[in-house]
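# Fold and geometry: a report
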Amino acid sequence: MSQETEPVGEPLPEPVAAIDGGSSMLWSNGRRSIGVVRWGYVVYEPTFEIRCARTHSEFLLVEEGSEQLDEARHRREVETIREAALHARYVLVDGALDASSGPLLADVLDDVTPETTVVGVSKKSSLSATGGDYPETWYSLPPRTYVLPTMARERESALPGTTLSFASLHALGPTLRIDVAGDLERALRVARHYAGYRLCPGYPFPLIEAHRACCLDDKKHIYETMLQREMGRQGLLRDYVRGKKRGERTAYEIHTVLDGLV
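In this convention, every chain numbers its residues from 1, walking through the sequence in written order. Two thresholds apply to this predicted model, a pLDDT of at least 70 for residue-level local features and 80 or more for giving and counting side-chain atom pairs, whereas whole-chain, interface and lining totals are computed over all residues. Based on all heavy atoms of the structure, the side-chain values leave hydrogens and waters out of the count.

## Some remarks on the nonpolar core
Inclusion rule: Definition used in this section: a nonpolar core is a set of buried Ala, Val, Leu, Ile, Met, Phe, Trp, Tyr and Cys residues joined via side-chain atoms within 4.5 Å. The cut-offs for exposure are 20% and 50% of the maximum accessible area for each residue type, with area from a 1.4 Å probe on protein chains only; residues under the lower value are buried, those over the upper are exposed, and the others partly exposed. The helix and strand labels rest on DSSP assignments: H or I over at least four residues marks a helix, E over at least two residues marks a strand, and numbering proceeds from the N terminus. Contacts are assigned to residue pairs that have any heavy atoms within 4.5 Å of one another.
Grouped together as the largest cluster of nonpolar side chains are 27 residues, with contacts concentrated most on Val16, Val119, Leu169, Ile178 and Leu188. Going through the elements one at a time, strand S2 (16–28), strand S3 (33–44), strand S5 (90–94), strand S6 (117–122), strand S9 (175–181), helix H4 (184–193) and helix H5 (205–214) are the ones with two or more residues in this core. Top element by residues in this core is H4. It accounts for five residues. When neighbours within four sequence positions are excluded, isoleucine 178 is seen to be in contact with Val119, Gly120, Thr163, Leu164, Ser165, Ala167, Leu169 and Leu188. With 19 residues, the next largest nonpolar core counts Ile19, Leu105, Val118 and Leu159 among its residues.

## Examining a negative patch on the surface
Convention followed: Two distance rules govern patches: like charges are joined within 9 Å, and nonpolar side chains (Val, Leu, Ile, Met, Phe, Trp, Tyr) within 5 Å, applied only to residues with over 30% relative accessible area and no salt bridge. What sets the accessible areas is the Shrake-Rupley method with a 1.4 Å probe; for residues, cover comes only from the shown protein chains. A carboxyl oxygen of Asp or Glu within 4 Å of a side-chain nitrogen of Lys or Arg is what we treat as a salt bridge. The charged-residue count follows a simple rule in which Lys and Arg add positive charge and Asp and Glu add negative charge, with His and chain termini not counted at all. Charge positions come from single atoms, namely NZ of Lys, CZ of Arg, CG of Asp or CD of Glu.
Together, Glu4, Glu6, Asp183 and Glu185 line one region of the surface with negative charge. By the secondary structure assignment, glutamate 185 is in helix H4. Of the residues examined, glutamate 185 reaches a relative accessible area of 48% and is grouped as partly exposed.

## Quick notes on H5
Along an α-helix, a turn takes 3.6 residues, which lines up residues three or four apart on a common side. Burial in H5 covers these residues: Phe205, Pro206, Leu207, Glu209, Ala210 and Cys214. Its buried side turned inward, H5 meets S2, S3, strand S4 (50–62), S5 and S6.

Honestly, that's just the spatial picture; any functional story needs more than this.
Shown next as C-alpha cells:
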C-alpha cells in the first residue's frame, strides 16, 4: 500500500441515502429452507433529520441454504440503489463496489451515474495490500486522510469506473475501505460530514441507521411467528415443527418451539 496520504477536506453538508439489508434462515427440513430477506434505505438531511425511509421484506424458498439467501439479499440491495438515487445525489452502500459484485452492480451504476455518486463503505477488506499480515482496515492512517493503493491486485478488484481508497474520516475512527463511483475527494468530504457520531466515530451515521432498520437480529422472531401461522393455516404445522430440527441437531431449543405453539 502506498504510504503517501492526502487530507480529507472539510466536511461537505449534502443529503445522503444509505442502503443496507439483512437475511435470516427461519425453517429447514434438510432439503429445502425458508428464509427472509429485508432491505431498504434511509435518506438523511445534513441536519441529521430523516427525509424519508423505506424497507422491504420477502420470504424465500431456497434449495441451497444461507448462501443462496445472501445472494438474494445482495441483489435486492443493489437494485435499491436506483430507487435511493431518486432522493439524494450521494448513495452510501454497505460493502465494496468491486468486481465480485457481478454485472448487476455495473448496470445499476451505469444507470445512476454521473448524476448520482455511489459510495461503498467497508469495515473490512481482503486485498492483503498490507502484505497479508493484517486487514487493510487495521492499517493506521493519520486522522482525516486517505490513501490510494497502488498494487495490481487492488486495481483489478475495483469495478471499472470506480476508485478504491482507504480512508480515516475521524481522529478516533477506524480505517475504512471506501469505493466511489464519482468524485472521490468530494464523496469523502460528504461521508466525513456524517462520521462524527460519538458512539461510532469515523463511520457514516446514516449507514448505522440503515443497518438498524434492516437488521434481523431483533426482528427474526416476528417473521418466525408469521411463518408459523401461515404454515398452520395451510395445514403444515407438523412440517413446521419437524423443520425446526436439522439432521440430529436441534436448531432451536424445543421449549422455544413449544412456547411458539401455545
